[in-house]
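Listed here are the chains, written in short residue letters.
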Amino acid sequence: MNERTSRKIPVTERQFLWVQDDDKGEVTLHVGPTMVSPTAADRVVVDDGLGGFREDSTGRPQSMVEVGDNQYAVLFNPLQENDGGPNGKFRPGRNESRPLQNGTRAMIPGPCYFWLRPGQRVEVRDAHELASDQYLVAKVYGPVDRSAPGYEITARSAAITQATAENVREDAGLSTRIDQLPLVEMRAGQLIVIRGVDTQLFIPPTGVDVVPDTSVDGSGAGIGAADAQRLLSELQRMEETAPVAEPVPPAEIESEAFAAREELDEVDRHPGARQAPRRLPAGEGVVDQSARTRQRKTAGAAPPAPSPALLATGFGFAHPDVPLPPPPAPPPSLVPVGDILSSPAVRRALERQVRQARLVRKAVVLGEKEYCVIVDADGKREIKVGPARVFPGPYDQFMVRGSRQRIYDAYELLPQRALWLRIIAPVSREELAERLPRGVPLEQDEYLPGDELLLTGVSAFFFPFNEIEVLSPETGEAVVGNDHTRVFIEAIGIDQKSGIYVRDLATGEVRLVRGKQSYLVDPRKEVQITRTVPAEEWNLWIGANEPHKLTDRPVTTPWALSIIVPHNTAVLATSADGQRVIEGPGVTLLHYEERLTPVNLSTGTPKSDDAPLRTCFLRTAGNRVSDVISLETSDFVVVSIKVSYSVTFVKEHRERWFNHDNYIQVMCEHLRSLVRGRARTLSLTQLWPQLPAFVRDLILGSRAADGSGRPGRLFPENGAIVTEVELLTSTIEDRAIAELMQRVQTQSVTLQIGDRQAQEALLSATLRSEVERQQQELLLLARRREAELREVTRTLEQQSALALARDEERLLQERQQLADEREQAAQQARLARAAADRQATLDRIREQAAAEAEAKRLVQTADLEAKQRLHELALARIQASAAATVAERQAVQRGLIEALTGLGDKLLLTECASNMNLVSLFKGKQVGAILAEVLGGTKLAPTLRALAGEPDAALTADVDSSMDGDEDEDEDEDEI
């Protein structure tokens, strides 16, 4: 106690001291330079960080608060009345306590320094440095200091309530200039966006603070209640699993805290000084100035690392939809990390960087082919197109679903692809024409929600806008994102042998689209469908001519069935609408409901339907059908013959080709019956020598008289005709009869051969004699020809010389004739050209004269029509004027003038009678005399003279006439 009483504490000019009186509980501020002598009841205290005080056993003064020119201080519980200075006026020595605004804070920009009063605490922050693509979100929490340096930029930025997009080009100005915005009266709770394009250094005024970014993704949406609960649970788990440290004596904590504070203060005062950092013991760190932590962590012990989910967002919490990034690789460095973190300056720089990372937000920078989507608080979308820097409004959020860091790529349109759009808000055709690429046809004057468009046939980049949404061609639902692989409707390239099936959504009808073309399926009206074909039918239709496509499973294909029909082959395609016969060679496409009709052809020799050949392809020409026919003659001898038919189908009966399912069996049975029936009428001796002719005549018919050939056997029911029949073999089934017939045939052949030998010998002798005679004749002829040849040679030489002379003469004549003809042709050509020129000149002059005459005629006609029109208008005006005059004259009825005159006289007498007493009084005359003077010369004068006493005849007549006139006027007036 005595030691504390006798101790004196020097407080320098840049220090202050808090001393608490234990008797009164009062805390007094001492500002240097001064000397403080604490009493027995006094003790030096510091802020405990929890709103109270704790004793400082070291007794050292606190350093003043220094705020640099790039910093500002947040002073908690400022003075109620600030009479000057950042925190009020001070005087060296003891300063009495002053009332504080508890629960409030003030922003004090640097450069400045001040001392803290008891109950105050301060937080020094770096001024917010903003690049052109960065921004802050500030919030108004109380009355705003209008004198603060940052008030104007804050008040003008408060006028920006919506998202803005500024051009990123250097030569382009800002679309929203901050100096052109009005100063807005700010209210508590209001959010304000401070853009980096408006200011590069921002210090909030008092009443405004910067809101940290607590969003869990790139949209800007804050953390929700459920996410915050998960975050707190994770942090609580980390604290529970932290190792328990050994307690540390308070004296040691305070000593090291003071040393660390002094070192940090020294670094702040001299940021450029190159001081060696003080190395702390292993496992120790700089102790907080408030000494809130009373324990020291043990060497080598560290709190449990947060889970990867907490490190995913940078805030310490991961959103379930945000993928976890890979763990960052350690930065390459030659200096150990422990040595770097041991420097207070480095640690403070890292702390500032971490703090700024959540305060400064990144705007969206868009390229030429990029856009972003902003959603305001009411859910209304706004799309910004690049190149631009996009700053959101204070209450806006970015749409991030399917984006690349809040950025979406424009849709790249090509002539062979399309984009399906749906209108979600009313829009006019003019507005759509401005926003859609050039060349897109618009049919309606106004598009309402639900209307759909198809963008195709253009090469451009398409940016969506608020009135439309992009639909998926597969599901018909709206799609958002950069995955454009399934958004575009690609044109289907159809070659000349292919096609596709398309169903009309309105009628349900399926139609075939044939190549050769690139077809774009319009999802608004139609959809491409597939067709499933069973394996058996697939192998019959396709695999028969394309063996590599044979299969044992049903085939589902998006293409139309392409059937290859070989040469001289036909198929029958049937459907609900009818049937059609398709002839080859060629490739045909089946409609969606069409199927090929199969036929079963008999096989083997003789033909039988036990194991038929099933096929869809009917050979229409060059068919060779072999069969075995068993005949029985009239003498009951059985003969077997093997025949081969040549069958062709007649094109005129093509609709009947497929009438028989097995035309071979029908034909063979019919021909068997025909041959057997005729053979029964002949004996073996009659039939056997002429068997081939018998079969050909019976099946093909007899030869025509004109030698045109056999008519053939026609089958009208299916259009087949047998054009040729060949007897390959014939066999007598009875062996004895066959041997007998063979011996008879052998003897007959032997006799024929002997006769032939005798004939050949006689012919040989005759031939030798004739040859000798011909040789002698040939020799005589040779000598005669030699003499004739010499004579002919001489004659030819003479004729040749004569002909040569004649040819030369003829050649000269022809040359002269050709020269004359050439000159004559040239002269005629010149004359023809001159005549043509003259005729062309005459035609041109004639056409010009006709055109001028026609022009004059048209001008004169127009002039005559104009004059005629003016004349008609003048006549109409005169007639209208005359009609108006006549109507005006007819409007005046008989007696109207007299009635009007009488009425005027009556009104005149009435007025004179009402004022005559006063006039006679002033003039001193009789009423009659005054009236005579006033009405003299009028029609009322005789009446007045009669009233004045002049009953002469004239007066009486005038009065009578006047009275009659008055009575007539009264009657006229009554009539009126």
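Residues numbered from 1 in each chain as written. Predicted model: local features only at pLDDT ≥ 70, side-chain atom pairs only at ≥ 80, totals over all residues. Heavy atoms only, no water.

A few words now on the overall build of the protein. Scanning the protein for helices and strands turns up 17 helices and 53 strands. Here the protein, with 976 residues, has 34% of them falling under the buried criterion. A separation of at least 24 residues holds for 66% of the contacts in the protein among residues at least 6 apart in sequence. Counting every atom, the protein has about 59500 Å² of accessible surface; 53% of that belongs to carbon and sulfur. (Helix = DSSP H or I, 4+ residues; strand = E, 2+ residues; numbered from the N terminus. Buried < 20%, exposed > 50% of the residue type's maximum accessible area, 1.4 Å probe, protein only. Contact = heavy atoms within 4.5 Å. Areas by Shrake-Rupley, 256 points an atom, 1.4 Å probe, with all protein chains shown as cover.)

Let us look at the environment of isoleucine 468. On the secondary structure map, isoleucine 468 appears in strand β33 (residues 468-470). Residue classification places isoleucine 468 among the buried residues on the basis of a relative accessible area of 1%. The spatial distance from the C-alpha of isoleucine 468 to the C-alpha of leucine 432 is 9.8 Å, given a sequence separation of 36 residues. Contact partners of isoleucine 468, with chain neighbours within four places excluded, come to Arg381, Leu421, Arg422, Ile423, Ile424 and Phe462.

Counting buried positions over the nine residues of helix α9 (residues 535-543) gives seven, a clear majority of the element. Residues of α9 that are buried sit in contact with β40 (531-533), β41 (555-557), β42 (562-565), β46 (595-596) and β48 (608-615).

Another point: the nonpolar core. Formed by 39 residues in total, the largest nonpolar core has its most connected members in Leu631, Tyr645, Met667, Phe694, Ile699 and Val722. When residues of this core are traced back to their parent elements, those giving at least two are β43 (569-575), β47 (599-603), β50 (623-632), β51 (638-649), α10 (663-679), α11 (684-687), α12 (691-700) and β53 (720-732). Broken down by element, this core gets its largest block of residues, seven residues, from α10. Grouped together as the second largest cluster of nonpolar side chains are 27 residues, Met399, Leu419, Leu453 and Phe488 included. (Core = buried A, V, L, I, M, F, W, Y, C linked by side-chain atoms within 4.5 Å.)

Glancing now at the side chain of glutamine 71. Among the structural elements, glutamine 71 can be located in strand β9 (residues 71-76). In terms of polar contacts, glutamine 71 uses its side chain to reach the backbone amide nitrogen of glycine 68, at 3.0 Å. A polar contact is formed between the side chain of glutamine 71 and the side chain of aspartate 126, at a distance of 3.2 Å. When residues no more than four places from it in sequence are discounted, the contact partners of glutamine 71 are Glu66, Pro109, Gly110, Val124, Arg125, Asp126, Ala127 and Ile203. (Polar contact = N/O pair within 3.5 Å; in protein donor to acceptor, adjacent residues only side chain to side chain.)

Another point: the pairing of strand β2 (residues 15-21). Counting buried positions along β2 yields seven of seven residues, so the element is predominantly enclosed. Sheet analysis places β2 next to strand β7 (residues 62-63), joined by two bridges and oriented antiparallel. Bridge assignment links phenylalanine 16 to a residue of β7, and that residue is glutamine 62. Sheet topology note: the β2/strand β3 (residues 27-31) ladder contains five bridges and is antiparallel. When the sheet's bridge partners are listed, phenylalanine 16 is paired in β3 with valine 31. Once β2 ends, the chain turns through five residues before running back antiparallel as β3, passing glycine 25 with a positive phi of about 80°. (Pairing = 2+ DSSP bridges.)

With that settled, the discussion passes to the confidence of the model for the protein. Detailed conclusions should not be drawn from predicted coordinates in areas where pLDDT is low. Looking at the protein as a whole, its pLDDT mean stands at 81, while 79% of the residues score no less than 70. Considering only residues more than four positions removed or in separate chains, one finds that residues 1-5, a stretch of pLDDT under 50, has 10 contacts. Scored below 50 in pLDDT, residues 950-976 shows 29 contacts in the model against residues more than four places distant or in partner chains. (pLDDT = per-residue confidence, 0-100.)

A few words on the side chain of aspartate 42. When you line up the elements, aspartate 42 lands in strand β5 (residues 42-47). There is no salt bridge for the buried aspartate 42, and the closest opposite charge comes from arginine 94, which lies 6.5 Å off by N-O distance. Here the side chain of aspartate 42 touches threonine 39 through a polar contact of 2.9 Å, side chain to side chain. (Lys, Arg positive; Asp, Glu negative; His and termini not counted. Salt bridge = Lys/Arg side-chain N within 4 Å of Asp/Glu carboxyl O.)

Strand order in the open sheet formed by three strands is β11-β9-β13, and the pairing between neighbours is antiparallel. What marks the edges here is a single partner per strand, and that holds for β11 (105-109) and β13 (121-126). Direction aside, the axes of adjacent strands within the sheet are offset by 20° on average. Where β9 and β11 come together, five bridges link them in antiparallel fashion. If you follow alanine 73 over to β11, its bridge partner there is isoleucine 108. (Axes fitted to C-alpha atoms, helices over the stretch in contact; angles between N-to-C directions.)

Per the stated rule, a full pass over the model turns up 13 aromatic pairs. Ring geometry for tyrosine 135 and phenylalanine 391: centres 6.1 Å apart, planes at 85°, overall edge-to-face. Of the two residues, tyrosine 135 is situated in strand β15 (residues 134-140) and phenylalanine 391 in strand β24 (residues 388-391); the sequence distance between them amounts to 256 residues. The pair formed by tyrosine 135 and phenylalanine 391 is uniform in burial state, with each residue classed as buried. Pairwise contacts between aromatic rings join Tyr411, Phe462, Phe465 and Phe488 into one cluster. Of note, arginine 195 hangs over the ring of phenylalanine 391, and the distance from its end group to the ring centre comes to 5.7 Å. Over the ring of phenylalanine 398 we find arginine 406; its NZ or CZ atom is 4.8 Å from the centre of that ring. (Phe/Tyr/Trp six-rings, centres within 6.5 Å; stacked < 30°, edge-to-face > 60°. Lys NZ or Arg CZ within 6 Å of the ring centre and 35° of its normal.)

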